Amino acid sequence: MDGKNLIAGSWTDGPSSFSSQPATGTASAYASGSIELVNLACSAAAEAFETTSRMPRETRADFLNEIADQIEQRGADLTKIGSVETGLPEARLEGERGRTTGQLRLFAQHILQDDFLDHRHDKALPDRQPLPRHDLKMVQRPIGPVAVFGASNFPLAFSTAGGDTAAAFAAGCPVVVKGHPGHPGTSEIVAEAIEAARVKLDLHPGIFSHVNDGGNAVGAALVQNPHIKAVGFTGSLGGGRALFDLCAARPEPIPFFGELGSVNPMFLMPHAMANRAGDLGLGWAASLTMGAGQFCTNPGLAIAVKGPDGDRFISATKTALKEMGAQTMLTEGIAKAFYTGRDHIAQADGITPIFNGEDAERAATPQLFTVSGEDFQNNETLAHEVFGPIGIVVLVRDLDEMVQIARTMQGQLTATLHMDEADYPQAQGLMPVLERKAGRVLANGFPTGVEVADAMVHGGPYPASTNFGATSVGTLAIRRFLRPVCYQNMPEGFVPDF
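The shown structure was predicted, so the numbers you read here are calculated from the model rather than taken from an experiment.

**Quick look at the pairing of strand 7 (residues 146-149)**
One face of the sheet, then the other: side chains in a regular strand alternate in exactly this way.
Move 1: Where burial is concerned, the two faces of strand 7 agree: the one with V146 and V148 and the one with A147 and F149 are both buried.
Move 2: The pairing of strand 7 with strand 8 (residues 175-178) spans four bridges and is classified as parallel. Paired with V146 across the strands is V175, a residue of strand 8.
Move 3: Each parallel crossover has a hand, and for strand 7 linked through helix 5 (residues 163-171) to strand 8 it is right-handed.

**Quick word on the sheet that holds strand 19 (residues 412-418)**
Move 1: If you walk across this open sheet you meet the seven strands as 15-17-18-13-12-19-20, and the pairing is mixed. The open sheet has two edge strands with one neighbour each: strand 15 (352-356) and strand 20 (438-443). Strand after strand, the sheet turns through a mean of 20° between neighbouring axes, direction not considered.
Move 2: Relative to strand 18 (residues 390-396), strand 17 (residues 367-372) runs parallel, the two sharing six bridges. From the neighbouring strand, F369 faces strand 18, where its bridge partner is I392.
Move 3: Relative to the sheet, helix 9 (residues 270-289) contacts strand 12 (266-268), strand 13 (301-305), strand 17, strand 18 and strand 19, its axis offset from that of strand 18 by approximately 160°.
Move 4: Its contacts with the sheet place helix 14 (residues 424-437) against strand 12, strand 19 and strand 20, and it is angled at close to 150° to strand 20.

**Quick look at the environment of F369**
Move 1: Structurally, F369 can be placed in strand 17.
Move 2: Overall, F369 belongs to the buried group, its relative accessible area being 0%.
Move 3: Along the backbone, F369 and A48 are 321 residues apart, and their C-alpha atoms lie at a distance of 53 Å.

**Focus on helix 8 (residues 237-249)**
Move 1: With 13 residues, helix 8 should reach 18 Å at 1.5 Å per residue; the first-to-last C-alpha distance of 18 Å fits that figure.
Move 2: If you check which residues of helix 8 are buried, you get G240, L243 and C247. Here the buried residues of helix 8 occupy an arc of 70° about the axis, which is enough to place them on one side. Residues G238 and A249 are exposed on helix 8 and point more than 90 degrees away from its buried face.
Move 3: Those residues of helix 8 that are buried lie in contact with strand 7, helix 7 (216-224), strand 10 (230-234) and strand 11 (256-259).

**Description of the sheet that holds strand 5 (residues 120-122)**
Move 1: Strand order in this open sheet of three strands is 5-6-21, and the pairing throughout is antiparallel. In this open sheet, the two strands that pair with only one neighbour each are strand 5 and strand 21 (482-488). Neighbouring strand axes in the sheet, compared pairwise and without regard to direction, differ in orientation by 25° on average.
Move 2: Where strand 6 (residues 136-142) meets strand 21, seven bridges bridge the pair, whose relative direction is antiparallel. Opposite M138, over in strand 21, you have C486 as the bridge partner.

**Remarks on the pattern of salt bridges**
Move 1: If you walk through the whole model with that rule in mind, you get 19 salt bridges.
Move 2: The partner of D164 in a salt bridge is R480, with the nearest N and O atoms 2.8 Å apart. Taken together, the residues span a long stretch of sequence, with D164 in helix 5 and R480 in the loop between strand 20 and strand 21 at a distance of 316 residues.
Move 3: For D164, a relative accessible area of 7% puts it in the buried group.

**Quick word on the packing of aromatic side chains**
Move 1: Scanning the model with the defined rule gives eleven aromatic pairs in all.
Move 2: Ring geometry for F169 and F208: centres 6.3 Å apart, planes at 65°, overall edge-to-face. In this pair, F169 is assigned in helix 5 and F208 in strand 9 (residues 208-211), connecting sequence segments 39 residues apart.
Move 3: For F169, a relative accessible area of 3% translates into the label buried.
Move 4: Both rings, one in F338 and one in Y339, keep their centres 6.0 Å apart while their planes meet at 65°; by these two values the pair is edge-to-face.
Move 5: Of the aromatic side chains, those joined through ring pairs into one cluster are F149, F233, F244 and F256.
Move 6: One cation-aromatic arrangement involves R99 over F154; the distance from NZ or CZ to the ring centre is 5.7 Å.
Move 7: The aromatic ring of F257 is capped on one face by R480, whose charged end is 6.0 Å from the ring centroid.

Procedures and definitions
- Along every chain, residues carry numbers that run from 1 in the direction the sequence is written.
- The model is predicted, so local features are restricted to residues of pLDDT at least 70 and side-chain atom pairs to those at 80 or more, both for listing and for counting; the totals for chains, interfaces and linings are taken over all residues.
- Side-chain numbers here rest on the full set of heavy atoms in the structure, without hydrogens or water.
- Only protein chains enter the area calculation, which uses a 1.4 Å probe; residues under 20% of their type maximum are buried, those over 50% are exposed, and those in between are partly exposed.
- Secondary structure elements follow DSSP: runs of H or I of four or more residues count as helices, runs of E of two or more count as strands, with numbering from the N terminus.
- Strands are labelled as partners when DSSP assigns at least two bridges between them.
- With the strands pointing away from the viewer, any crossover whose connection runs clockwise from the first strand over the helix to the second is right-handed.
- As a rule, the C-alpha atoms of each element are fitted with a line to give its axis, helices using only the stretch in contact, and angles between N-to-C directions run from 0 to 180 degrees.
- The criterion used for residue contact is that any of the two residues' heavy atoms lie within 4.5 Å.
- Expected helix span is taken as 1.5 Å per residue step, with the number of steps being one fewer than the number of residues.
- Think of the arc as the fan of directions from the helix axis to the C-beta atoms.
- Salt-bridge detection follows one rule: a side-chain nitrogen of Lys or Arg within 4 Å of a carboxyl oxygen of Asp or Glu.
- Only the six-membered ring of Trp is used, alongside the rings of Phe and Tyr, when aromatic pairs are assigned; centres must lie within 6.5 Å, and planes under 30 degrees apart are stacked while those over 60 apart are edge-to-face, with the rest tilted.
- A ring is considered to have a charge above it if a Lys NZ or an Arg CZ atom is located within 6 Å of its centre and within 35 degrees of its normal.

Here it is, written out as structure tokens:
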């Protein structure tokens, strides 16, 4: 690897360099991004858009499929460096690579159909009284160059060629990616795969650029560049909100599609708890600690009625967590934020620690706490996401207090109902609340993991995401990078994709 930026077909040095922080092995140097490189990439993307916006869907599909092929050809290298940089096990990275290539191919298949174009045609009515009607055709068109920020927790599926990039390419938009500093080598190899696909199909070089990390100034310059027309982001609430505000403050405000965080509450109904509290505790422990809890759909809250069944649930969860050791976290920064968040929870009023694993360097051990419903509602910070394997059991007096907690919660990516048939009448009362709070509502499952499918919604009301009408996973994600255009009395051949 060269450690360079890819700017419209050219591998380019930066004004300085930074060192990676691998979980194992030796650090490597990478050329930093810069405002100048961002501006060059965005200008090239704007020039490319003149071509990509009119590119046949068949060509776009070929591009997506070829990117998937090129990534698979580099599979062994991606697994090797991805494991070194992030500490993720090889099996996890191989599965994530399959998800990445799978969603590229899914979008390729999706755009060969025409449902996403939402064709509408009002034929001319020249004899209509009192006024004639013009011929009107409407079709969805690409929005323009898109900025994508690589995510820390998914070095493949939510980064350089992840869902945001795949959806933007499928829509006909050029993409400028800001790579995540936590996995720069992985990102470079994927950028190389995209560039190889571009060269093979002889596409405009401005269709894709990859800028390495260069601090906050580079990210700010990217979202503020006038050529950028939309932004895709997966990351922290603080970082995402800062970028969102920059997008809104532009002379031409643009949409910021940010997936920012969620505690993904589970509501444990009484009959389900009476019949299987132990099994629910074991399942929760497994979901809570999967990937060291570094999933945006990690279920950090369990709300249950106080009593013997709640005690059995807590005991089973604690027993399972004791068997799980420390897990390496993706970056040193994530590990430090985890320790800070854990300590903040432990010091909150009314919190009772149930299980606290020992600290380990750049690693997380499971943490389990309980709190009453009243104390939970009196401390809003307990409902904020801490990225890692931390679980809080909220013990409520009764179902009325459970509903009250649901009503006061902020927007979520997911909300889960664990219920048996005898719980259905009470659970129905929760549904109008949960569907207003979450983008995905589950029954009797655990939300960790997001299926890439037509019906999937990965988003939700703020602060889960910045646009509750969008999803970052599934074929509906393409709608973020399209806009409707109406064509009036246009001659045959002037209206694209119609």
